[in-house]
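# Structural description and commentary
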Amino acid sequence: QVQLAESGGGLVQPGGALRLSCVASGITFSIYDMAWFRQAPGKQRELVARITSGGRTNAADSVKDRFTISRDNSKNSVYLQMNTLKPDDTAAYYCHARWYTNTYWGQGTQVTVSS
């Protein structure tokens, strides 16, 4: 059974930082491209950042100067370091794994940026 378990969300003030973690089980983690998506109320789910099995990364223009995605294959984990958070970053953040047509989602972790 495949599981993607996110953690690290919470309430943070504007300008603050959070680090999200996603631990995968039930897959050969190292061969999967991993990504973080987010979905705010009333909006479509959007890609935040992606890291390939080979370690190449890309991020949405709205976050690329503030967020960093990384992975640790020895821990079956992918991370999202989020700095200088803004109220517009408020959303549920989802971990995503993809290998060809095999795709999996986590349950999500809520990030709320508010004073």
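What comes next is a walk through the structure.

Rules behind the numbers
Residues numbered from 1 in each chain as written. Predicted model: local features only at pLDDT ≥ 70, side-chain atom pairs only at ≥ 80, totals over all residues. Heavy atoms only, no water. Patch = residues over 30% accessible without salt bridge, like charges linked within 9 Å, V, L, I, M, F, W, Y side chains within 5 Å. Areas by Shrake-Rupley, 256 points an atom, 1.4 Å probe, with all protein chains shown as cover. Salt bridge = Lys/Arg side-chain N within 4 Å of Asp/Glu carboxyl O. Buried < 20%, exposed > 50% of the residue type's maximum accessible area, 1.4 Å probe, protein only. Phe/Tyr/Trp six-rings, centres within 6.5 Å; stacked < 30°, edge-to-face > 60°. Helix = DSSP H or I, 4+ residues; strand = E, 2+ residues; numbered from the N terminus. Lys NZ or Arg CZ within 6 Å of the ring centre and 35° of its normal. Lys, Arg positive; Asp, Glu negative; His and termini not counted. Polar contact = N/O pair within 3.5 Å; in protein donor to acceptor, adjacent residues only side chain to side chain. 1 Å grid on protein atoms, 1.4 Å probe; cavity = no way out; pocket = protein on both sides within 12 Å on 5 of 7 lines; lining within 4 Å. Points joined across faces, edges and corners; volume = space filled by probe spheres on them.

## Side note on a nonpolar patch on the surface
Taken together, the side chains of Ile31, Trp99 and Tyr100 define a hydrophobic patch exposed on the protein surface, amounting to about 340 Å² of accessible area. Judged by relative accessible area, which is 69%, Tyr100 ranks as exposed.

## Remarks on the packing of aromatic side chains
How two aromatic rings sit relative to each other is set out by the distance from centre to centre and by the angle between their planes. For the coordinates displayed, the defined rule picks out 5 aromatic pairs. Between Phe37 and Trp105 the ring centres are 4.9 Å apart and the planes differ by 65°, which places this aromatic pair in the edge-to-face class. In this pair, Phe37 is assigned in strand β4 (residues 33-39) and Trp105 in strand β10 (residues 102-105), connecting sequence segments 68 residues apart. The exposure class assigned to Trp105 is partly exposed, which follows from its relative accessible area of 38%. Between the aromatic rings of Trp99 and Tyr100, the centroid separation amounts to 5.1 Å while the plane-to-plane angle is 80°, which identifies the pairing as edge-to-face. Taken together, the ring pairs connect Tyr32, Trp99, Tyr100 and Tyr104 into an aromatic cluster. Above the face of the Tyr79 ring, Arg19 is positioned so that its terminal group lies 4.0 Å from the ring centre.

## Here we look at the side chain of Glu6
With respect to the element layout, Glu6 can be found in strand β1 (residues 3-7). Arg45 provides the closest opposite charge to the buried, unpaired Glu6, separated from it by 7.6 Å. A polar atom in the side chain of Glu6 sits 2.9 Å from the backbone nitrogen of Gly108.

## Focus on the layout of surface pockets
Estimated volume of the largest pocket: approximately 160 Å³. What lines the largest pocket is a set of 14 residues, among which Arg38, Ala40, Lys43, Glu46 and Asp88 lie closest to the centre.

## Here's the deal with the pattern of salt bridges
Inspection of the entire model under this criterion finds 5 salt bridges. Here Asp33 makes a salt bridge to Arg98, at a shortest N to O gap of 3.5 Å. One end of the pair, Asp33, is in strand β4; the other, Arg98, is in strand β9 (residues 91-99), with 65 residues separating them in the sequence. Glu46 is the salt-bridge partner of Arg38, the closest N and O atoms lying 2.7 Å from each other. Judged by its relative accessible area of 7%, Arg38 is buried. A relative accessible area of 37% means that Glu46 is categorised as partly exposed. Among the ionic contacts, a cluster of salt bridges with common partners joins Arg38, Glu46, Arg66 and Asp89.

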